[in-house]
Amino acid sequence: MIDLCSQESKPMLSIDEALARIKTAIQPITGSETVTLKNALGRVLAEQIYSSVNSPFERNAAMDGYAFSSANINKDQPFTLNLIGTSWAGKPFKGTLLAGQCIRIFTGAVLPSEADSVIMQEQVVAKGQTIHFSAHTALGKHIREVGEDIKQGSLVYASPKKLNAIDLGLLASLGIYEVTVKRLVRIAFFSTGDELTELGKPLASGQIYDSNRYTLNGLLNDPNYCITDMGVIADNKQLLEASFIEASTKHDVIISTGGASVGEADFVKEVLSRCGEVDFWKIAIKPGKPLAFGKIGECCFFGLPGNPVAVVVTFKYIVATALKQLSGAPELKSLQLTAICKSVLKKSPGRQEYQRGILTQDINGKYFVESSGKQDSNILSSISQANCFIVLPIECNGVQIGNEVRVDLIGETI
Ligand code: AMP
Ligand code: MG
């Protein structure tokens, strides 16, 4: 851990350095729990899953038609077969299929063991019990073989893996109705600031509504997280310390917003360095420079800045990455897009900037981006209108119209 006083004079950490330090400092949670498939969407698998059955379980028809054995049939000539029964999905044909015979069969219905061909109903002419097949009928087709999707005993999913809707369907197709997943990450969050007012109350002079907790509540909407909203804590060192300590005993992560910079009423860093260990508290990004990261015992804390846009940026680029790592989810690199910039963007070298932009695609598939408006870190309307961040590296000193820029999409929960 870093001595706070000596860090004052050190250059700010780049975002990559900050992420590397977080990666070293936190370990994926090890606890697990068993959940039913219906409750497993988005959860991180904590077991290897092997199939105890073949899928398909039995040979069956891939389409509606007629099934028969092609032994003794000369496919170069038209032929006729005698219809002796039907195999329905869920109600198999019980008899034996002999040479010269066929059955009516429907998609998903079990094939008699003697059958090796299914011919589409559209390709035959049925006259009573006599079915006419044309020359060059494609034999040996339209059969789903046992285990052709998944073989009995094979590894279906290796841990860790985040389960999506398709995975749930696949597991259900194998008869698996519950899975062992990583336990929930327990996250507490609160706002700090004497000026913050709860929604539903009128604003007195000097007060503002606490919007950050609503942003965080949305950003933390993830099936792997169990969140505790601790409300607003005043700018008071004792109260702050008590809140951090109390939260650290029951949670894996604490996220606070506000009070993280170096103003007279910014106590978060000081309090955290008293009750825990601050790993770093300044990153070379804009918005979001003052961001305290460290640990109180086993609990990680993120002291985010108070400015509402800085909360979104630091959450997206730092906290979300750390929470994913903690949840045990496999690391996924998000797609990076490049777009032609249609606005002049002001920037001075020194910090990596995340400017709010509107990304569009022309009919040739080419991406264009323009600024979504004022870029100050208190302006929520321009981030609300944005669908991406324009990412400008530390050394960049502005963008002209026509320059290529990197853009990261803004998703529903970032
Ligand atoms: P601070 O980091 O406490 O110095 O706050 C920086 C700015 O963000 C100030 O203008 C605060 O009023 C504002 N701010 C702090 N916390 C919140 C919050 N929870 N919701 C909205 N704005 C906030
Ligand atoms: Mg404050």
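Conventions adopted
- Residues numbered from 1 in each chain as written.
- Chains lettered and ligands numbered in written order.
- Predicted model: local features only at pLDDT ≥ 70, side-chain atom pairs only at ≥ 80, totals over all residues.
- Heavy atoms only, no water.
- Buried < 20%, exposed > 50% of the residue type's maximum accessible area, 1.4 Å probe, protein only.
- Helix = DSSP H or I, 4+ residues; strand = E, 2+ residues; numbered from the N terminus.
- Pairing = 2+ DSSP bridges.
- Axes fitted to C-alpha atoms, helices over the stretch in contact; angles between N-to-C directions.
- Salt bridge = Lys/Arg side-chain N within 4 Å of Asp/Glu carboxyl O.
- Contact = heavy atoms within 4.5 Å.
- 1 Å grid on protein atoms, 1.4 Å probe; cavity = no way out; pocket = protein on both sides within 12 Å on 5 of 7 lines; lining within 4 Å.
- Points joined across faces, edges and corners; volume = space filled by probe spheres on them.
- Nonpolar A, V, L, I, M, F, W, Y, C, P; charged D, E, K, R; others polar.
- Domains from an automatic or database assignment.
- Near = heavy atom within 4 Å.
- Polar contact = N/O pair within 3.5 Å; in protein donor to acceptor, adjacent residues only side chain to side chain.
- Areas by Shrake-Rupley, 256 points an atom, 1.4 Å probe, with all protein chains shown as cover.
- Phe/Tyr/Trp six-rings, centres within 6.5 Å; stacked < 30°, edge-to-face > 60°.
- Arc of directions from axis to C-beta.

(A) Quick peek at the pairing of strand β20 (residues 290-296). Counted residue by residue, β20 has 7 buried out of 7 residues, so it is predominantly covered. Neither face of β20 is open: one carries Pro-290, Ala-292, Gly-294 and Ile-296, the other Leu-291, Phe-293 and Lys-295, and all of them are buried. Pairing between strand β18 (residues 277-282) and β20: 4 bridges, direction antiparallel. Paired with Glu-277 across the two strands is Lys-295, which belongs to β20. Here 5 bridges tie β20 to strand β21 (residues 299-304), and the two strands are oriented antiparallel to one another. By the bridge assignment, Ala-292 is partnered in β21 with Gly-303. Between β20 and β21, which pair antiparallel one after the other, the connecting turn spans 2 residues, and Gly-297 there sits at a positive phi close to 60°.

(B) Region of interest: the sheet that holds strand β9 (residues 130-133). The sheet built from 6 strands is open, its strands ordered β7-β4-β6-β5-β9-β8 with mixed pairing. Where the open sheet ends on each side, the last strands, each with one partner, are β7 (117-120) and β8 (124-127). The average angle at which neighbouring strand axes cross in this sheet is 35°, direction not considered. Judged from the 3 bridges that link them, strand β4 (residues 65-68) and strand β6 (residues 101-105) form a sheet pairing that is antiparallel. Directly across from Gly-65, in β6, lies its bridge partner Ile-105.

(C) Molecular detail of the pattern of salt bridges. Overall, the coordinates contain 18 salt bridges when judged by the stated rule. With a closest N to O distance of 3.8 Å, Lys-162 and Asp-222 form a salt bridge. Of the two residues, Lys-162 is situated in the loop between β11 (155-157) and α3 (165-173) and Asp-222 in the loop between α4 (212-219) and β16 (225-233); the sequence distance between them amounts to 60 residues. Relative accessible area serves as the criterion here: at 32%, Lys-162 is assigned to the partly exposed category. Among the residues examined, Asp-222 registers a relative accessible area of 16% and is labelled buried. Glu-198 serves as the salt-bridge partner of Arg-213, at 3.1 Å between the closest nitrogen and oxygen.

(D) Region of interest: the sheet that holds strand β13 (residues 185-192). Pairing within the open sheet is mixed, and its 6 strands lie in the order β16-β13-β17-β21-β20-β18. Edge strands, defined here as strands with exactly one partner in the open sheet, are β16 and β18. Put simply, the sheet's adjacent strands are angled 15° from each other on average, direction ignored. Alignment of β13 against β16, held across 7 bridges, turns out to be parallel. Note on β16: the bridge partner recorded for Ser-191 is Val-232. Set on the sheet, α4 makes contact with β13, β16 and β17 (253-257); between it and β13 the angle comes to about 165°. Sheet strands touched by helix α7 (residues 308-327): β13, β16, β17, β20 and β21. Its angle to β21, the strand with the most contacts, is close to 170°.

(E) Focus on the layout of surface pockets. There is about 1500 Å³ of room inside the largest pocket. Lining the largest pocket are 38 residues, and of these Lys-316, Thr-321, Lys-324, Leu-332 and Ser-334 lie nearest its centre. The greatest single-element share of the lining of the largest pocket, amounting to 8 residues, is contributed by α7. Classifying every residue of the lining of the largest pocket gives 19 nonpolar, 9 polar and 10 charged. There are two domains that each give the lining of the largest pocket at least three residues, and those are domain 1 (4-31 + 184-327) and domain 4 (336-412).

(F) How the structure looks around the site of ligand 1. Surrounding ligand 1, one finds 15 residues, the nearest of these being Glu-195, Asp-210, Ser-211, Gly-259 and Gly-306. Separating a nitrogen atom of ligand 1 from a side-chain N or O atom of Ser-191 is a distance of 3.5 Å. Within the backbone of Asn-307, one N or O atom sits 3.2 Å away from an oxygen atom of ligand 1. Here ligand 1, which alone exposes 480 Å², has 77% of that area covered by the protein. Taken together, the residues of the shell around ligand 1 break down into 4 nonpolar, 8 polar and 3 charged.

(G) How the structure looks around the packing of aromatic side chains. Across all of its chains, the model carries 11 aromatic pairs by this definition. Aromatic side chains Phe-68 and Phe-133 sit 5.1 Å apart centroid to centroid with 70° between the ring planes, which places their arrangement in the edge-to-face category. One end of the pair, Phe-68, is in strand β4; the other, Phe-133, is in strand β9, and 65 residues separate them in sequence. For the pair Phe-68 and Phe-133, one class covers both residues: buried.

(H) Structural detail: helix α6 (residues 268-275). The complete set of buried residues in α6 reads Val-268, Lys-269, Val-271, Leu-272 and Cys-275. Buried positions in α6, seen along its axis, are confined to an arc of 165° and lie on one side of it.

(I) Structural view of the pairing of strand β24 (residues 367-371). Two strands pair when backbone bridges link them, and strand β22 (residues 337-341) and β24 are joined in this way by 2 bridges, in the parallel orientation. If you follow Ile-340 over to β24, its bridge partner there is Phe-368.

(J) Expanded view of the domain arrangement of the protein chain. Here the domain parsing of the protein chain yields domain 1 (4-31 + 184-327), domain 2 (33-50 + 151-182), domain 3 (60-144) and domain 4 (336-412). The C-alpha-based centres of domain 2 and domain 4 are spaced at 39 Å.

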